[in-house]
Amino acid sequence: MDPATPRNAYVDATAGIAGDMLLAALVDAGADLAGVQRVLDALVPDSVRFVRSDVDRGGQRAVKVDVEVLVDDPPHRTWASIRDLLEQARGRAEVPGRTIDLALAVFGRLADAEGATHGVPADEVHFHEVGALDSLADVIGACEAWRQLGVEEATGSVLAVGSGRIRAAHGDIPVPVPAVARLALGWPTVAGEILPPRGHAPSHGHDLSHSHADAHTHSHDEHHGADRGHDHGHAHPHSDDPVPVPDSDAALPAHAQGGPHEHGGRRVPSGVAPGIGELATPTGVALLRGLASSAGPQPMLVTEALGVGAGTKDTPGRPNVVRVLVGRPFSAEPHAAGQLSAALPTTAPRSTAPRAFDPDSADPAASDLAPVPSTLAANELPAHDLPPDAHATPASALQLEANVDDLDPRLWPRVLEDLLDAGALDAWLVPISMKHGRPAVTIHALVREGSEGPAASLLMDRTGTLGVRMHRVERIIRTREFTEVEVRGQRIAVKIARDQDGAVVRREPEFRDVAAAARVLGISERTMLDLAKEAASDLSTS
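Residues numbered from 1 in each chain as written. Predicted model: local features only at pLDDT ≥ 70, side-chain atom pairs only at ≥ 80, totals over all residues. Heavy atoms only, no water.

Draft legend 1. Fine view of the overall build of the protein chain. Looking only at helices and strands, the protein chain features 13 helices and 26 strands. Contacts in the protein chain between residues far apart in sequence, at least 24 positions, make up 73% of those at least 6 positions apart. Taken as a whole, the protein chain presents about 24,400 Å² of accessible surface, with 52% of it coming from carbon and sulfur. (Helix = DSSP H or I, 4+ residues; strand = E, 2+ residues; numbered from the N terminus. Contact = heavy atoms within 4.5 Å. Areas by Shrake-Rupley, 256 points an atom, 1.4 Å probe, with all protein chains shown as cover.)

Below is the structure:
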């Protein structure tokens, strides 16, 4: 995989996430663990060693990356000291600038959440001596692996956080633990309870009746995560005997049924069952929020690599893994055979975290593919310095159209979506009256020259029409580009249009992002749009 080509990624955290699990998934997807080790050694020499192994989790092969602490008495660290450590590494060839930026963003989120949880300023958040090295290894390691894979844009799944209660340094606390709950604000979450099998038995057997007799321990000063600090301490060997298919929840383990039952030597009444425990750790969630710009289903992606990272626990009925899919964003471009093809956009997708260009670095990778930022304000760009159009929008295009009078109107929104997803520049409907006075619509699609064949085929397939008209159109267009704003923790893409002199004439939030953010925040789309427009109006784009 060529790291010089910007790529997209999808992080599957439906079984939970921890820092070491995400690092392992990125290594499995092709990141060089030896290179990750070199970056960490440059920051904290002779302190931590990564150890890779192949493991089985719920019948799935996965990569496990363990962090071995090599020093007996590590220095005490705060978020302020970690930030200074990273900032002082700028300009060093062995520590890429983008890795530093990503790590600062992730650690900043983690410190803010821990500080808010304990009521102290973020700079004063203390990391336990071993836990600090553990977190430093996970965060720096994952951020460097992310940079190596050339990931510029990422989407994350709904996050499984776990359920019940665990025993922490301050007593019994609920799951998700307070720091995770704060880090997950604005992100869709579920408990992630194990579902009973339905209709078939797994081909590999895990005993469903395991015990929670080993009490959980958790410390907010240690970011080891559930997958290291909460290991049950027993294995689940595979068996050739099939697992019986339960026909009711009575066949589930006691902790998944919901009580009353024994847990850690205590009798737990119904309604306060400890559940399945902690599935998401603060470090893991901070990485997810710092690296992925949006939450949702997997976007259209030409997958080039798949990584599966394992946690320590081998949970019956659930592969305890994080998956990462890495590839190219899909766009419809003309192809020699007249078919839609997967191609990279003409400009890189919007970044998922702050990036710095380091002209003094001897490491070409340290530039992180980021352009040198302009010092001119958005409305001061001279015409000859206009940025390239984000979509390379052509001034000449082909307009396809067809009259349709027999399609269920509920199907039209998806028809338009399919045309746009396939690369149409625009698609719209116009109501008409056909012969005999029958109401109908004309569907229009504006497409690039060379892609009219696949677009016409798609239009006929989706609508049932027997023919498509076509004519060439010439357009006068304004150059457009994209940036983004953050509103209440949600990232909203903003389209910026410029006139022929380079002056910004419009800043418009993308409504898809607005609608998605409104759903996450539980507010109306109108309110969200007003907030996004207010944030966009304050932009000074360069």
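Draft legend 2. Structural view of the sheet that holds strand S20 (residues 396-404). Taken in spatial order, the four strands of this open sheet run S21-S22-S20-S23, and their pairing is antiparallel. Each having just a single partner strand, strand S21 (426-433) and strand S23 (469-474) make up the two edges of the open sheet. With strand direction ignored, the average angle separating the axes of adjacent strands in the sheet is 25°. Direction of pairing for S21 relative to strand S22 (residues 439-447): antiparallel, over a ladder of eight bridges. When the sheet's bridge partners are listed, serine 433 is paired in S22 with proline 439. On the sheet, helix H10 (residues 412-421) packs against S20, S21 and S22 and is oriented at approximately 145° with respect to S21. Its contacts with the sheet place helix H11 (residues 452-463) against S20, S22 and S23, and it is angled at close to 20° to S20. (Pairing = 2+ DSSP bridges. Axes fitted to C-alpha atoms, helices over the stretch in contact; angles between N-to-C directions.)

Draft legend 3. Representation of the packing of aromatic side chains in the model. Under the criterion given, the structure shown has one aromatic pair. Summarising the aromatic geometry, the rings of tryptophan 79 and phenylalanine 107 are spaced 6.2 Å apart at their centres and angled 25° between planes, so their arrangement reads as stacked. Here the residue tryptophan 79 occupies a position in helix H3 (residues 79-87), and phenylalanine 107 occupies one in helix H4 (residues 97-118), the gap between them amounting to 28 residues. By relative accessible area, which is 0% here, phenylalanine 107 ends up buried. We note arginine 83 situated over the ring of tryptophan 79; from NZ or CZ to the ring centre the distance is 5.2 Å. (Phe/Tyr/Trp six-rings, centres within 6.5 Å; stacked < 30°, edge-to-face > 60°. Buried < 20%, exposed > 50% of the residue type's maximum accessible area, 1.4 Å probe, protein only. Lys NZ or Arg CZ within 6 Å of the ring centre and 35° of its normal.)

Draft legend 4. Examining unusual backbone geometry more closely. The omega torsion of the bond from valine 175 to proline 176 falls at 5°, within 30 degrees of zero and hence cis. The residue proline 176 is located in the loop between strand S10 (171-174) and helix H6 (178-183) in this model.

Draft legend 5. Summary view of the sheet that holds strand S26 (residues 504-509). Strands sit in the order S24-S25-S26 across an open sheet of three strands; the sheet is antiparallel. Every interior strand has two partners, whereas the edge strands, strand S24 (479-487) and S26, have only one. The sheet shows a mean angle of 25° between the axes of neighbouring strands, taken without regard to direction. Relative to S26, strand S25 (residues 490-498) runs antiparallel, the two sharing five bridges.

Draft legend 6. Local environment of the packing of H10 against H11. Put simply, H10 and H11 touch, their axes get as near as 10 Å, and they point 165° apart. Between H10 and H11, the angle is such that the two are roughly antiparallel. For the pair H10 and H11, the sense of crossing is right-handed. Mapping the contact onto sequence places Trp412, Val415, Asp418 and Leu419 in H10 and Ala455, Leu458, Leu459, Arg462 and Thr463 in H11. Classifying every residue of the contact of H10 with H11 by side-chain character gives six nonpolar, one polar and two charged. (Parallel < 35°, antiparallel > 145°, perpendicular 65-115°, else oblique. Left-handed = near helix turned anticlockwise from the far one by under 90°. Nonpolar A, V, L, I, M, F, W, Y, C, P; charged D, E, K, R; others polar.)

Draft legend 7. Expanded view of the packing of helix H12 (residues 511-521) against helix H13 (residues 525-537). Following both chains from N to C, one finds H12 and H13 inclined at 120°, their axes separated by 9 Å at the closest point. Accordingly, the angle class assigned to the pair H12 and H13 is oblique. For the crossing formed where H12 meets H13, the hand is right-handed. Touching Phe511, Val514, Ala515, Ala517, Ala518 and Leu521 of H12 are Glu525, Met528, Leu529 and Ala532, all from H13.

Draft legend 8. Spotlight on the pattern of salt bridges. Under the definition given, this model contains 27 salt bridges. Among the ionic pairs, arginine 90 bridges to aspartate 101, the shortest N-O distance being 2.5 Å. Placement of arginine 90 in the loop between H3 and H4 and of aspartate 101 in helix H4 is noted, with a sequence separation of eleven residues between them. According to the relative accessible area criterion, arginine 90 is partly exposed, its value standing at 32%. (Salt bridge = Lys/Arg side-chain N within 4 Å of Asp/Glu carboxyl O.)

Draft legend 9. Examining the pairing of strand S17 (residues 321-329) more closely. The buried fraction of S17 amounts to seven of the nine residues, a majority that puts the element mostly inside the structure. Note that strand S1 (residues 7-12) and S17 share five bridges and pair antiparallel. Bridge pairing links alanine 9 to valine 326 in S17. Taken together, the nine bridges between strand S16 (residues 301-310) and S17 define a ladder with antiparallel strand orientation. When the sheet's bridge partners are listed, leucine 306 is paired in S17 with leucine 325.

Draft legend 10. Inspection of helix H1 (residues 19-28) at higher detail. When you tally the buried positions in H1, you get ten out of ten residues, the bulk of the element. Looking only at H1, the buried set comprises Gly19, Asp20, Met21, Leu22, Leu23, Ala24, Ala25, Leu26, Val27 and Asp28. Positioned one or two residues after H1, glycine 30 has a phi angle of 130°, which is positive.

Draft legend 11. The arrangement of the nonpolar core in detail. Counting 75 residues, the largest nonpolar core has Ile17, Leu22, Phe50, Leu86, Trp146, Leu159 and Val324 as its most contacted members. Grouped together as the second largest cluster of nonpolar side chains are 20 residues, Leu400, Leu407, Trp412 and Val415 included. (Core = buried A, V, L, I, M, F, W, Y, C linked by side-chain atoms within 4.5 Å.)

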